[in-house]
Amino acid sequence: MFERLNTPEEIFSFKLGSALTMERDTLAMLADLEDEARRPELKQLLAEHAEETRRQISMIEQCFALLDEEVDASPCAVIKAIAAEGKATIKKTDDSLVDAVILAGALETEHHEQAVYETLLLHARARGAASVVGVLETNLAIEQSAGAKVKALAERIAVSGVAVPTEGMSRGAKAGIVAGVAATVGAAAAAALKAGDHHETGTPEATTVTGSGATAATSTPTAGDTTTATVPATGSATSAEEFNDDALEERIEESEHRTRP
Ligand SMILES: [Fe+2]
């Protein structure tokens, strides 16, 4: 552990160690979130990213070896804070709605992780540490891919209905959810049609529409409730599609091979 940072190289190593702690904390958080998640597809997404995170941890450890330095985990308060905030928010959130809280925390985490790798990369390139550049690029690509998948799922459930039926929920409440989904999707579709929302360029855009009526975001809709729903524009591709899982897998294997002593 560095007492003081006196050279750019020391800052780099310190931040690399901080990234290691970040990934270890993320791995623990992903397991907790997987337990809390309601939707099978969200559980699967979190489990897959946990597997990727394990590989990222070993790739950071290999970065230290490539730099001929000892593995040194530096502090990282950010993921601990995101995890604590998520845990506290989940605790006070209705069971049927926790997926939205989990996805928010996951997206915040992915953005932070991307910023960490972007900074490490620009310093690695500047100091000519070519050996670790490829590895860090792979870790960044994994975060970008995971972030895009999280965002796509968050968008999908925001539009189609955040709530999921839960054990013990009354039939009336379940009916309210279904009605809420129909109202939200119907209002959004009508507004999109009214706006003549055709994007032939295929540029990813979103149209924000305001509809009134029951909302799927709450299991107890109230009269006159106003909901703002974000509807992906026609022809818009989710950013998840920009990432090809096979290509990413190849890249990971290549990096792992490169970092093997
Ligand atoms: Fe991540």
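All figures in this text were calculated on a predicted structure; none of them were measured in a lab.

How each quantity is defined
- Residues numbered from 1 in each chain as written.
- Predicted model: local features only at pLDDT ≥ 70, side-chain atom pairs only at ≥ 80, totals over all residues.
- Heavy atoms only, no water.
- Salt bridge = Lys/Arg side-chain N within 4 Å of Asp/Glu carboxyl O.
- Helix = DSSP H or I, 4+ residues; strand = E, 2+ residues; numbered from the N terminus.
- Buried < 20%, exposed > 50% of the residue type's maximum accessible area, 1.4 Å probe, protein only.
- 1 Å grid on protein atoms, 1.4 Å probe; cavity = no way out; pocket = protein on both sides within 12 Å on 5 of 7 lines; lining within 4 Å.
- Points joined across faces, edges and corners; volume = space filled by probe spheres on them.
- Nonpolar A, V, L, I, M, F, W, Y, C, P; charged D, E, K, R; others polar.
- Donors = N, O, S within 2.8 Å, 3.2 Å for Na, K, Ca; no water.
- Tetrahedral: all angles 85-135°; square planar, octahedral: opposite > 155°, others 65-115°.
- Polar contact = N/O pair within 3.5 Å; in protein donor to acceptor, adjacent residues only side chain to side chain.
- Contact = heavy atoms within 4.5 Å.

### Comments concerning the pattern of salt bridges
Next up, step 1: Tallied over the entire structure, the rule returns six salt bridges.
Next up, step 2: Here Arg39 and Asp99 are joined by a salt bridge, their closest N and O atoms 2.7 Å apart. Placement of the pair is Arg39 in the loop between α1 (8-36) and α2 (40-66) and Asp99 in helix α4 (residues 98-126), with a sequence separation of 60 residues. The burial state of Arg39 is the same as that of Asp99; both residues are buried.
Next up, step 3: Notably, a salt bridge pairs Glu137 with Arg125, separated by 2.9 Å at the nearest N-O pair.

### A few points about empty space enclosed by the protein
Next up, step 1: Under the defined criterion, the tally for this structure stands at four cavities of 30 Å³ or more.
Next up, step 2: When its volume is computed, the second largest cavity comes out at roughly 50 Å³.
Next up, step 3: Along the walls of the second largest cavity sit Leu30, Leu45, Leu46, His49, Ala106, Glu110, Ala146 and Val150, which together make up its complete lining.
Next up, step 4: For the lining of the second largest cavity, the elements supplying multiple residues, two or more each, are α2, α4 and α5 (130-160).
Next up, step 5: Ranked by residue count, the leading element in the lining of the second largest cavity is α2, at three residues.
Next up, step 6: In terms of residue class, the lining of the second largest cavity is made up of six nonpolar, one polar and one charged.

### Notes on the coordination of the iron ion
Next up, step 1: Distances from the iron ion to its protein donors, namely His49 (NE2), Glu110 (OE), Glu113 (OE) and Glu143 (OE), fall within the range 2.1 to 2.6 Å.
Next up, step 2: Geometry at the iron ion is irregular, judged from its four donor atoms and the angles of 66 to 162° they form at the metal.
Next up, step 3: Read in sequence order, the donor residues coordinating the iron ion give the pattern H-x60-E-x2-E-x29-E. Placement of the pair is Glu110 in helix α4 and Glu143 in helix α5, with a sequence separation of 33 residues. Judged on exposure class, the residue Glu110 and its partner Glu143 are both buried.

### Looking at the side chain of His49
Next up, step 1: Counting through the fold element by element, His49 comes out in helix α2.
Next up, step 2: A polar atom in the side chain of His49 sits 3.3 Å from the side chain of Glu143.
Next up, step 3: Setting aside its immediate chain neighbours within four residues, His49 contacts Leu30, Gln56, Glu110, Glu113, Ile142, Glu143 and Ala146.

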